[in-house]
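Each chain is listed here by its residues.
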Amino acid sequence: MGEHLTEKDVKKIEEEIEYRKLVVRKEAIEAVKEARAQGDLSENFEYYAAKRDKNKNESRIRYLERMVKNAEIVSDDSKEGEVGINDTVKIYVEEDDVEETYRLVTSIRGNSLKGYISIESPLGKAIKGHKVGDKVTVKVNDNYSYDVEIRSIEKTGDDGTDQIRSF
């Protein structure tokens, strides 16, 4: 089973693949040619750096192609009033007596520092499909769980500005 991706995620990944094949690959090959033309390759740092960059690009292309090939497509639609993908959710964490705001996203867009929580994370799994006022238990592991209350849901949708994570 691969990543859970929306149709929009797949489209963005395919756009990146095409850009890397048509633009970055061409630039990388040209950089290798130029560095090779400088002569002795045994001490040519520019040649090795250009080869490394070219190989990095090819590796990223293969990674993205494999991701798309093995992806499980999920719908970013959700019922009115329920937490779904790309929605911004305000929750109350009873244990810490604090309100927090998160945006529920697919795993490749998850970024806790920006408040983007994956639908595959314990919190994402717990709140997805629930409504304002619902109290849910977030099971972190067999030994620890905590309760949250959903305070608000904002149907933000996908504005297309999120970046696909690089590894």
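Residues numbered from 1 in each chain as written. Predicted model: local features only at pLDDT ≥ 70, side-chain atom pairs only at ≥ 80, totals over all residues. Heavy atoms only, no water.

Caption draft 1: Up close: the overall build of the protein. The secondary structure content of the protein amounts to three helices and seven strands. Along the chain direction, N to C, the helices and strands of the protein fall in the order β-α-α-β-β-β-β-α-β-β. Taking 167 residues into account, the globule formula puts the C-alpha radius of gyration at 15 Å, and the protein, at 21 Å, lies well above it. Projecting the C-alpha coordinates of the protein onto the three principal axes gives extents of approximately 70 × 30 × 25 Å. Out of the 167 residues belonging to the protein, those deemed buried represent 38%. The contacts of the protein with a sequence gap of at least 6 include a subset with a gap of at least 24, amounting to 56%. Total accessible area computed for the protein in this model is approximately 10400 Å², and 47% of it derives from carbon and sulfur atoms. If the 30 positive side-chain charges of the protein are averaged to one point and the 37 negative ones to another, these points end up 5 Å apart. (Helix = DSSP H or I, 4+ residues; strand = E, 2+ residues; numbered from the N terminus. Rg over C-alpha atoms; globule rule 2.2 N^0.38 Å. Buried < 20%, exposed > 50% of the residue type's maximum accessible area, 1.4 Å probe, protein only. Contact = heavy atoms within 4.5 Å. Areas by Shrake-Rupley, 256 points an atom, 1.4 Å probe, with all protein chains shown as cover. Lys, Arg positive; Asp, Glu negative; His and termini not counted. Charge placed at Lys NZ, Arg CZ, Asp CG, Glu CD.)

Caption draft 2: Inspection of the pattern of salt bridges at higher detail. Per the counting criterion, the structure on display carries 12 salt bridges. In this structure, R151 and E99 form a salt bridge, with 2.8 Å as the shortest nitrogen-oxygen distance. You can see R151 sitting in strand β7 (residues 144-154) and its partner E99 sitting in strand β4 (residues 98-105), a full 52 residues away along the chain. Look at R151 and you get partly exposed, because its relative accessible area is 33%. Across the pair E149 and R151 runs a salt bridge whose closest N-O atoms are separated by 3.7 Å. Residue E149 is classed as buried on the basis of its relative accessible area, which comes to 18%. (Salt bridge = Lys/Arg side-chain N within 4 Å of Asp/Glu carboxyl O.)

Caption draft 3: Geometry of the side chain of D9. Among the secondary structure elements, D9 is positioned in helix α1 (residues 7-36). Polar contacts involving the side chain of D9 include one to the side chain of T106, which spans 2.7 Å. (Polar contact = N/O pair within 3.5 Å; in protein donor to acceptor, adjacent residues only side chain to side chain.)

Caption draft 4: Representation of the nonpolar core. Grouped together as the largest cluster of nonpolar side chains are 19 residues, with contacts concentrated most on V83, I91, L123, I127, V148 and I150. Those elements giving two or more residues to this core turn out to be β3 (88-93), β4, α3 (122-127), β6 (135-141) and β7. With four residues, the top contributor of residues to this core is β7. What I91 contacts, discounting residues up to four positions off in sequence, is V98, E99, E100, Y102, L123, V148, E149, I150 and R151. (Core = buried A, V, L, I, M, F, W, Y, C linked by side-chain atoms within 4.5 Å.)

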